[in-house]
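For reference, the chains in residue letters:
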Amino acid sequence: MNSLSSPLDRPASIPVLRRLLAAKALSLPEVEAMELQVRRELPWKTWLDRGLLSLGVVLILAGIGYFFAHNWNHLTDMDKLGLAGGAVLVSLVGATWAGLDRFPGKTLLLAASALVGVFIAVFGQVYQTGADTYELFTAWALLIFPWVALGRFMPLWIFWIGLLNLALGFYWPVYPLFGDYESWTIFRHETISLLLLNGIALLLLEVAGRWPISWLDRGWSTLILLTATLIPASVETIGEILNSWDKYISGHSAFLACALYAAFVVGLGFYYSRLRYSLPALAIITLNTCTVLTFLTIRILDFDQPDLHAGIWLLGGIVVLAIFGGGVFFLRTQRLAHQKT
Amino acid sequence: MKSLRELCLASGNGENFSPERLHQLEATLIEDHRTDMPWYLRAIVAIGAWLASWFFLAFVIALIGWQDEHQTTIGCIGIVLLVLAVVVGRQPLGVFVGQCALAVSLAGQIMLYYGFINENHHPLVKATAFSIGLAVVLYIAFPNFLSRLMTCLFALQVTLLWIYTGDGELFSGNVRIDSDLSSPVLFYWVFHLAAICFCFLRPRFSALLAPLGYALILSLTAWQIENLFDVWTRMTVITYSPPIAEWIVFHFRTALTALTLFAVSVWAAGGISALSEKAPLFIGLALALTALVALGSGGVLLALLFLLLGFSLQNRAILILGLVSLPVFLTHYYYYLDLDLLAKSGVLAGSGAILLLLRAGLTRWAFANEKEAL
């Protein structure tokens, strides 16, 4: 092993030092002295600075929200619009003054984006636009898009995608594209459209990640988008599986949903194991798959019957263990294979 | 941040670290990395075992029937299952067999509790001794990280149930007198905080006690969340005399959390010597903590404690718990403030402004000489 890939040349950390102590590779005084050194070198300033700034901004935004709630009936329409619009402007000016390349500037830009929502809500109330909730979120997302694009700040992008999720989530129950739908059809449309939206965002992030863009995070934001993609996929599949318990409903759609879900997770698993290795991403995919398989087991063993045999419970427990055990085995195999390469 | 090699060579002028010893360290780390499991993999193992244990429990109940005359039989089956789980779990048979043993052990523990603790009448001391004793025995007999963590968490929460239900009044329909509870509740809170510090701050036994430490942290978070929803206090009557005693008892627990947070801050800054070196900073911290205690924001203090522990120990699991619990406790605190909307608006904006001023002050004076990139 050359010195570049040696674990000794990675940044020292307290968990690693404690593991070496447990393995008796380092003595207690050595570990105590090294821990002290490591703790002193931690980025305390950045941590405190960002923590205080984020929390401070969030509390002030909440305070503004409460101020509007209290004075709603006493304010004139122009006051309401002026205050809401003024807050957006102040945040924007502050962001520009603090510098859009620095954390305080980016945080203020995020605050301005949040305040645009307040402005739209006030506008809708003053002029009685009669807009649906989904229209509010769509307008919000459209209005802030220019500075989301210019902000070069990953949390702002995640916030924007969250708005699109809300817009889509509120769209289907009130305004289906082709006439009125029953609740089951709305559920299907909602889960599938959210899956597509978040899936496309994940795809774009992965494609964009091929270029050296410094602000583009591919760690936690990938995991958030992956989770947001997998949750509607699994909820839809579980819904189809459980819906097939209704004896008047054919099981074909459940079968199709399971097949599509299987193809989807296999594809994702292949990507994150072979093309861009990420064990946390694989763990999220595995946990999601295990959950769907557990519901499939419950359906296949027919736990809905009134006189359930004791053996079914035992079998169910063993199958659940096999599912989760298989998942962990897969993850460990991937980890070992990656370590070897 | 220095590498481990640099740290080793810098310690004692590098005399203790010959090339052979460094090579040995490297080999230990490689082997450790190969066998160790990240926390999220352990979480999947735990979820699987926990789910399966309910199926096994349902199997035994479906087989025997959920009736009082079978209570002892279920308890005895629990003992057999626990012995089986320990014997199998101790063998080096891989993660899957360990997960099966864990599921059987969890089901066995629930059966044991059902079999041998009478829910209508159980002396507090006896029930607590039973829970803690079982956890200690299993901690020693079943040396598996997840088994230790889940067994301890279960025992800690069950002990909390015993404390709040006394000798079984909960199930007999009677309410408890709150003032009778204050001593055991305070003692149990102190025990949690002290044990967390003991498990995590001292490196000597950190590997052995880590599962207990995580269980304590999870138990304390669960307890604080249970407090938010009055899970325990809704079956108690407040009978403090004089009324100031109630205020003291309520704030005492919060004060203990603040004290622990202060102690952990001193430890993170390098020990007692840091107190005099950075006296103005620590005086400011003490004042801020006193204000938080007076405002009754116990949950927020607990989340801050976990954030500090997670950051100073570079422990992602604790850090994430702190990050997740902070908005929960903060939202609950402000939402339930007994103020009208205007006053609440002022308090929120004022707290935000104080935090921003604090940040500006720290940047200007406390960290003026630090060269970290922001």
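Residues numbered from 1 in each chain as written. Chains lettered and ligands numbered in written order. Predicted model: local features only at pLDDT ≥ 70, side-chain atom pairs only at ≥ 80, totals over all residues. Heavy atoms only, no water.

Q: Looking at this structure, how should I read the overall build of chain A?
A: Helix and strand counts for chain A come out as 12 helices and zero strands. Seen in sequence order, chain A has helices and strands lined up from the N terminus as α-α-α-α-α-α-α-α-α-α-α-α. Projected onto the principal axes, the alpha-carbon positions of chain A cover approximately 70 × 70 × 40 Å. Sorting the 341 residues of chain A into buried and exposed places 45% on the buried side. Contacts spanning at least 24 positions in sequence make up 65% of the contacts within chain A whose residues lie at least 6 apart. (Helix = DSSP H or I, 4+ residues; strand = E, 2+ residues; numbered from the N terminus. Buried < 20%, exposed > 50% of the residue type's maximum accessible area, 1.4 Å probe, protein only. Contact = heavy atoms within 4.5 Å.)

Q: What is the right way to look at the domain arrangement of chain A in this model?
A: Interface size, as often reported, equals the accessible area lost upon joining of the parts. For chain A, the assigned domains read domain 1 (1-42) and domain 2 (54-144 + 151-156). For domain 1 of chain A versus domain 2 of chain A, the separation of C-alpha centres amounts to 46 Å. (Domains from an automatic or database assignment.)

Q: What should I look at first to understand helix α14 (residues 298-312) of chain B in this one?
A: For an α-helix, the turn length of 3.6 residues means that residues three or four places apart are oriented alike. In a regular helix each residue adds 1.5 Å, so 15 residues correspond to 21 Å; α14(B) covers 21 Å between its end C-alpha atoms and thus fits that length. Following α14(B) by one or two positions, B:Q314 has its phi on the positive side, about 55°. (Expected span 1.5 Å × (residues − 1).)

Q: Explain the pattern of salt bridges here, please?
A: Opposite charge on two side chains makes pairing possible when the charged atoms of those side chains draw close. Evaluated as defined, the whole model comprises 12 salt bridges over all chains. Here A:R19 and B:D32 are joined by a salt bridge, their closest N and O atoms 2.5 Å apart. Of the two residues, A:R19 sits in helix α1 (residues 14-22) while B:D32 sits in helix α2 (residues 19-35), which places them in two different chains. The partly exposed category is assigned to A:R19, whose relative accessible area is 31%. Because the salt bridges share partners, they merge into one network encompassing A:R19, B:D32, B:D36 and B:R42. (Salt bridge = Lys/Arg side-chain N within 4 Å of Asp/Glu carboxyl O.)

Q: What is the right way to read the packing of aromatic side chains from this model?
A: Aromatic ring pairs are reported here in terms of the distance separating the ring centres and the angle at which the planes meet. All told, the structure shown has 32 aromatic pairs over all chains when counted by the stated rule. Ring geometry for B:Y188 and B:F191: centres 6.1 Å apart, planes at 15°, overall stacked. With B:Y188 and B:F191 both in helix α9 (residues 178-201), this residue pair falls three residues apart, about one helical turn. On the accessibility criterion, B:Y188 (4% relative accessible area) is buried. Classification of B:F191 by relative accessible area gives partly exposed; the value is 33%. Of the aromatic side chains, those joined through ring pairs into one cluster are A:F137, A:W140, A:F159 and A:F170. For the cation-ring pair, B:K344 lies above B:Y335, with the distance from its terminal atom to the ring centre recorded as 5.8 Å. (Phe/Tyr/Trp six-rings, centres within 6.5 Å; stacked < 30°, edge-to-face > 60°. Lys NZ or Arg CZ within 6 Å of the ring centre and 35° of its normal.)

Q: I tried to follow the confidence of the model for chain A on my own but got confused; where do I start?
A: In low-pLDDT segments, the atomic positions of the prediction should not be examined closely. Scored by pLDDT, chain A has a mean of 88; 95% of the residues are at 70 or more. The spread of mean pLDDT over the elements of chain A runs between helix α3 (residues 44-71) of chain A, the lowest at 86, and helix α11 (residues 279-300) of chain A, the highest at 95. (pLDDT = per-residue confidence, 0-100.)

Q: Whenever I open this one, the nonpolar core confuses me. Can you help?
A: Nonpolar side chains in soluble globular proteins tend to end up buried together. A:I144, A:W147, A:L226 and A:Y272 are the most contacted members of the largest nonpolar core, which totals 99 residues. Counting residues per element, this core draws most heavily on helix α3 (residues 39-64) of chain B, which supplies 12 residues. Dropping the residues within four chain positions of it, A:I144 is found in contact with A:S113, A:V116, A:F159, A:W160 and A:L163. One finds A:I14, B:W223, B:L301 and B:F306 within the second-largest nonpolar core, a separate group that totals 63 residues. (Core = buried A, V, L, I, M, F, W, Y, C linked by side-chain atoms within 4.5 Å.)

Q: What is the right way to read the environment of A:F67 from this model?
A: Mapped onto the elements of the fold, A:F67 is located in helix α3. Note: C-alpha distance between A:F67 and A:T129 (62 residues apart in sequence) is 23 Å. Ignoring sequence-local partners within four residues, the contact set of A:F67 consists of A:L83, B:L342 and B:S345.

Q: How should the interface of chain A and chain B be read in this particular structure?
A: With 82 residues of chain A at the interface, the matching set in chain B holds 84 residues. A combined buried area of about 7900 Å² lies between chain A and chain B, and 74% of that area is made up of carbon and sulfur atoms. Across the contact surface, chain A and chain B share six salt bridges. Here B:R5 and A:D9 are joined by a salt bridge, their closest N and O atoms 2.8 Å apart. Taken together, the elements giving at least two residues each to the side of chain A that touches chain B come down to α1, α2 (28-40), α3, α11 and α12 (310-340) of chain A. Tallied by class, residues from the side of chain A that touches chain B come to 53 nonpolar, 15 polar and 14 charged. (Buried area = accessible area lost by both parts, 1.4 Å probe. Nonpolar A, V, L, I, M, F, W, Y, C, P; charged D, E, K, R; others polar.)

Q: Help me out: how do you make sense of the packing of α3(A) against helix α15 (residues 316-335) of chain B in this one?
A: Between two packed helices, both the angle of their axes relative to each other and the distance between the axes serve to describe the pair. With their axes 13 Å apart at the nearest point, α3(A) and α15(B) run at an angle of 35° to one another. In this structure, the crossing between α3(A) and α15(B) has a hand that is right-handed. Residues A:L55, A:L59 and A:Y66 of α3(A) form the contact with α15(B), whose participating residues are B:L326, B:L330, B:Y334 and B:Y335. Here the contact of α3(A) with α15(B) is built from residues that sort into seven nonpolar, no polar and no charged. (Axes fitted to C-alpha atoms, helices over the stretch in contact; angles between N-to-C directions. Left-handed = near helix turned anticlockwise from the far one by under 90°.)

Q: Is there a simple way to explain the environment of B:L256 in this structure?
A: Residue and element names in this part refer to chain B. Mapped onto the fold, L256 is located in helix α11 (residues 244-268). Given the relative accessible area of 17%, L256 is considered buried. For the pair L256 and F116, spaced 140 residues apart in sequence, the C-alpha separation works out to 35 Å. Excluding anything up to four places from it in sequence, L256 contacts L186, W189, V190 and L193.

Q: Whenever I open this one, the state of the cysteines confuses me. Can you help?
A: Every disulfide links exactly two cysteines, by a covalent bond between their sulfur atoms. Throughout the structure, instances matching the rule amount to zero disulfides over all chains. Looking at the unpaired A:C290, the closest cysteine sulfur is the one in B:C100, lying at 14 Å. B:C152 carries a free sulfur, and the closest cysteine sulfur to it, the one in B:C199, is 8.8 Å from it. Since its relative accessible area comes to 6%, B:C152 is described here as buried. (Disulfide = S-S within 2.5 Å.)

Q: How should I be thinking about unusual backbone geometry in this particular structure?
A: What you tend to see is this: most non-glycine residues have negative phi, and most peptide bonds are trans. Residues and elements named next belong to chain A. Not every positive phi belongs to a glycine, and R152 is a case in point at roughly 50°. A relative accessible area of 38% means that R152 is categorised as partly exposed. With phi around 55°, D302 is a residue other than glycine that occupies positive phi space. Residue placement: D302 occurs in the loop between α11 and α12. Residue classification places D302 among the partly exposed residues on the basis of a relative accessible area of 29%.

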